[in-house]
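# Observations on the model geometry
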Amino acid sequence: MAKKYSMIINLAKCIGCQACTVACKFQNKVPEGQFRTKTPANGLKGTYPNVSQYFIKEACQMCQKAPCVSVCPTKASYYNEDGVVLIDVDKCVGCKYCMTACPYDARFLNKETGAADKCTFCYELKVSKGEKPACVSTCVGGALMFGDLNDPLSEASQFLAKHKGEVRKPELGTHPNVNYIYEGVVK
Amino acid sequence: MDVIWGVSVDEVAWGGAIAFYLFLAGIAGGAFLTASMTDLFSKKQYPKVIQSGAYIAIVSIIVGLGLLVVDLGRPFSFWKLLLHVNMGSVMSIGVFIVSGFTGLSVVYGVLVWLNAAAQKQIRITSANTEVAATSVGQGLQAFRKPVAGLGILFSIGTATYTGFLLSAVTTNNFWHTPFMGIEGIPFLPILFLVSAISTGLAATLIGALNCGDLTTYKKIDMVLIILEIVLIFILYLSVKPVFFSGSMAVLFWLGVVILGLMSPLLLSIYSLAKHKNVILPVCGMVVIGGFCLRYFVVYTGQLFK
């Protein structure tokens, strides 16, 4: 059965250490100054001393109805057999149409290849070998989870059954496969 | 860039090169339309207008395509756009529309040039050598009008395509704006088509300055300018005010509205009343305004999401 890989980001557990950011750069050899994932501070609220803020991991949201895939003129952006959005670097001409279409600013033009680049869930290097993406396995606070939502017994499915996952910009109808848990966070 | 605090620069995926390309593709489409419509339907003879339009179309579309290729992340792989097709992608369909248009405009330009050269020859030579002109070049002229006719379809396709390219980005609130709130009819293709014909006609007239009475063309351009003012007004009411703010406010009000639409309109009305020849300033402003419009649309759609 086809997989439905999903990442779950439990914001209350994220301490903003950027271990995910660094692990991704090493794993995927992302050029200097460019990022497939980063975790900026967000939502600074309140007045001193009652202030709050949280960190939010940003990367490709792995949309099931991905605008980048539908606009790509060469089919370089595609869904693989497990529903993961990937880029065939050989087919990409670097027209940047996908970058104008992505509402999450998840894509960039790789300085070294000239092709569009983004998070792959570490599909080739890790997930296809039964491992977890580099950011998930390195996460210090245990804020990141990864698994197959089509398997009701997976850790990800079990967790989402008990907690409310939210996707970014649901109004755009992109149906992302990255779920955010806002429990314990002042939104 | 600061990863934690997210200090990001205002980077846009599509910049000035793309704006200029959209503008040039519009000019090319409009100039071709001006030349071919004159060639096919005008009772009066306007050989200079036909030549000007046909040549401007070729130069604009080729320079525009050059900019497009240079702006790619991998310029040398542009041919892959012809090899891998995605019929669901407006850009992929556009590649074939624009390629067809480029081919037709080159063929048409050559035929117009051969025709002009032959006419000149007839005028120079005496009556008994006129036969020489009706050689191979004249035989090809049978194709000129069919090429013009087919080219009309492709030039309208090219001009509207530049709008569809942007309006197809459903996640962009500005580019995806529907016409009068009717979902399914995008706004930009209509606006860009009118602007393309207006700027293409203006550019053609600049190239055919001092070639007799161009009053008909001036009147058509005035109608187009008024139509564009109405469209811009509708656009202004259809989208959030933020798109006309900041640095984009200057470009929109000064470049698009005042320089590109209001001034040429008022100057045209004045010239028609006083019978003054002001083609160069009027058409010049229309062309610059057309560029401001493309630049404004490309940037404001990406800067404010």
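### Notes on the packing of aromatic side chains
Under the defined criterion, the tally for this structure stands at 27 aromatic pairs over all chains. Centre to centre, the rings of Tyr97(A) and Trp14(B) are 5.1 Å apart; their planes meet at 20°, and the pair counts as stacked. You can see Tyr97(A) sitting in helix α3 (residues 97–101) and its partner Trp14(B) sitting in the segment before α1 (16–41), one on each of two chains. Summarising the burial analysis for this pair, Tyr97(A) and Trp14(B) share the class buried. Plain terms: the ring middles of Phe174(B) and Phe244(B) are 6.5 Å apart, the flat faces sit at 75° to each other, and that makes the pair edge-to-face. Of the two residues, Phe174(B) is situated in the loop between α6 (144–167) and β1 (178–179) and Phe244(B) in the loop between α8 (215–238) and α9 (247–274); the sequence distance between them amounts to 70 residues. Put simply, the rings of Phe174(B), Tyr236(B), Phe243(B), Phe244(B), Phe252(B), Trp253(B), Phe296(B) and Phe304(B) touch in pairs and so form one group of aromatic residues.

### Details of the sheet that holds strand β8 (residues 144–148) of chain A
The strands making up a sheet are joined through hydrogen bonds of the backbone, oriented either antiparallel or parallel. Residues and elements named next belong to chain A. One open sheet holds the 4 strands; their spatial order is β8-β1-β10-β9, and the pairing between them is mixed. Lying at the two open borders of the sheet, with one neighbouring strand each, are β8 and β9 (165–166). One ladder, built from 2 bridges, connects β9 with strand β10 (residues 178–181); its direction is antiparallel. Bridge assignment links glutamate 166 to a residue of β10, and that residue is tyrosine 180. Set on the sheet, helix α5 (residues 155–162) makes contact with β1 (5–10), β8, β9 and β10; between it and β8 the angle comes to about 110°.

### Notes on the environment of Thr300(B)
All names here are of chain B. Within the fold, threonine 300 resides in helix α10 (residues 279–303). You can call threonine 300 buried: its relative accessible area is 0%. Counting along the chain gives 204 residues from threonine 300 to phenylalanine 96, while the straight-line C-alpha distance between them is 28 Å. Aside from chain neighbours lying at most four places away, what touches threonine 300 is Phe174, Phe243 and Met248.

### Considerations on α8(B)
An α-helical segment advances 3.6 residues per turn. Residues three or four places apart therefore align on the same side. All names here are of chain B. With 24 residues, α8 should reach 34 Å at 1.5 Å per residue; the first-to-last C-alpha distance of 35 Å fits that figure. Restricting attention to buried positions, one finds in α8 the residues Tyr217, Asp221, Met222, Leu224, Ile225, Glu228, Ile229, Leu231, Ile232, Ile234 and Leu235. Where the residues of α8 are buried, they touch α1, α2 (47–70), β1, α7 (187–207), α9 and α10.

### Some details on the pairing of strand β3 (residues 50–55) of chain A
Where strand β2 (residues 41–47) of chain A lies against β3(A), 5 bridges are found, and the strand directions are antiparallel. The partner of Lys45(A) across the bridge, within β3(A), is Ser52(A).

### Some words on a nonpolar patch on the surface
Residue and element names in this part refer to chain B. On the surface, Leu82, Val85, Met87, Ile93 and Phe96 cluster together to form a nonpolar patch covering roughly 430 Å² of accessible area. Counting through the fold element by element, isoleucine 93 comes out in helix α4 (residues 90–124). Isoleucine 93 gets classed as partly exposed once you look at its relative accessible area, which sits at 33%.

### Overview of the state of the cysteines
Every disulfide links exactly two cysteines, by a covalent bond between their sulfur atoms. Residues and elements named next belong to chain A. Applying the stated criterion across every chain, the model contains 0 disulfides over all chains. Of all cysteine sulfurs, the one in cysteine 122 lies closest to cysteine 24, which takes part in no disulfide; the gap is 6.2 Å. Judged by relative accessible area, which is 7%, cysteine 24 ranks as buried.

### Topic: the side chain of Asp39(B)
Residue and element names in this part refer to chain B. Inspection of the secondary structure puts aspartate 39 in helix α1. Residue classification places aspartate 39 among the buried positions, given a relative accessible area of 7%. A distance of 2.8 Å separates a polar atom in the side chain of aspartate 39 from a polar atom in the side chain of tyrosine 108. A polar atom in the side chain of aspartate 39 sits 2.8 Å from the side chain of arginine 144. Those residues in contact with aspartate 39, other than ones at most four positions away along the chain, are Ile50, Tyr108, Arg144 and Lys145.

### Brief notes about the confidence of the model for chain A
Averaged over every residue, the pLDDT of chain A is 94; the share at 70 or more is 100%. Averaged over each element, pLDDT in chain A is lowest for β2(A) (87) and highest for strand β5 (residues 85–87) of chain A (97).

### A word on the interface of chain B and chain A
Between chain B and chain A, the contact holds 30 residues from the first and 37 residues from the second. At the boundary of chain B with chain A, total buried surface from both sides reaches about 2,600 Å², with 60% on carbon and sulfur atoms. Three residues, Val3(B), Arg74(B) and Thr171(B), lead the burial of chain B against chain A; their summed loss comes to 23% of the area buried on that side. Linking chain B with chain A are 2 salt bridges, by the criterion used here.

### Things to note about the packing of α2(B) against α7(B)
Residues and elements named next belong to chain B. In contact at an axis separation of 8 Å, α2 and α7 are set at 120° when each is read in the N-to-C sense. Comparing their axes, α7 and α2 come out oblique. Of the two elements, α2 crosses α7, and the hand of that crossing is right-handed. Contact residues: α2 offers Val49, Ser52, Gly53 and Ile56, while α7 offers Ala203, Thr204 and Gly207.

### Re the side chain of Arg144(B)
Residues and elements named next belong to chain B. In this structure, arginine 144 sits in helix α6. Reaching out from arginine 144, the side chain makes a polar contact with the side chain of glutamine 141 at a distance of 2.9 Å. Excluding residues that lie within four positions of it along the chain, arginine 144 makes contacts with Asp39, Tyr108, Leu111, Val112 and Asn115.

### What to know about the pairing of β1(A)
Residue and element names in this part refer to chain A. Of all 6 residues that make up β1, 6 are buried, and the element is covered over most of its length. Residues Tyr5, Met7 and Ile9 point to one face of β1 and Ser6, Ile8 and Asn10 to the other, with burial holding for every one of them. In terms of strand pairing, β1 meets β8 through 5 bridges, oriented antiparallel. Across the sheet, the residue bridging to serine 6 is glycine 147, located in β8. Across 4 bridges, the pairing between β1 and β10 is parallel. Residue pairing in the sheet places asparagine 10 in a bridge with isoleucine 181 of β10.

Basis of the calculations
Residues numbered from 1 in each chain as written. Chains lettered and ligands numbered in written order. Predicted model: local features only at pLDDT ≥ 70, side-chain atom pairs only at ≥ 80, totals over all residues. Heavy atoms only, no water. Phe/Tyr/Trp six-rings, centres within 6.5 Å; stacked < 30°, edge-to-face > 60°. Helix = DSSP H or I, 4+ residues; strand = E, 2+ residues; numbered from the N terminus. Buried < 20%, exposed > 50% of the residue type's maximum accessible area, 1.4 Å probe, protein only. Pairing = 2+ DSSP bridges. Contact = heavy atoms within 4.5 Å. Axes fitted to C-alpha atoms, helices over the stretch in contact; angles between N-to-C directions. Expected span 1.5 Å × (residues − 1). Patch = residues over 30% accessible without salt bridge, like charges linked within 9 Å, V, L, I, M, F, W, Y side chains within 5 Å. Areas by Shrake-Rupley, 256 points an atom, 1.4 Å probe, with all protein chains shown as cover. Salt bridge = Lys/Arg side-chain N within 4 Å of Asp/Glu carboxyl O. Disulfide = S-S within 2.5 Å. Polar contact = N/O pair within 3.5 Å; in protein donor to acceptor, adjacent residues only side chain to side chain. pLDDT = per-residue confidence, 0-100. Buried area = accessible area lost by both parts, 1.4 Å probe. Parallel < 35°, antiparallel > 145°, perpendicular 65-115°, else oblique. Left-handed = near helix turned anticlockwise from the far one by under 90°.

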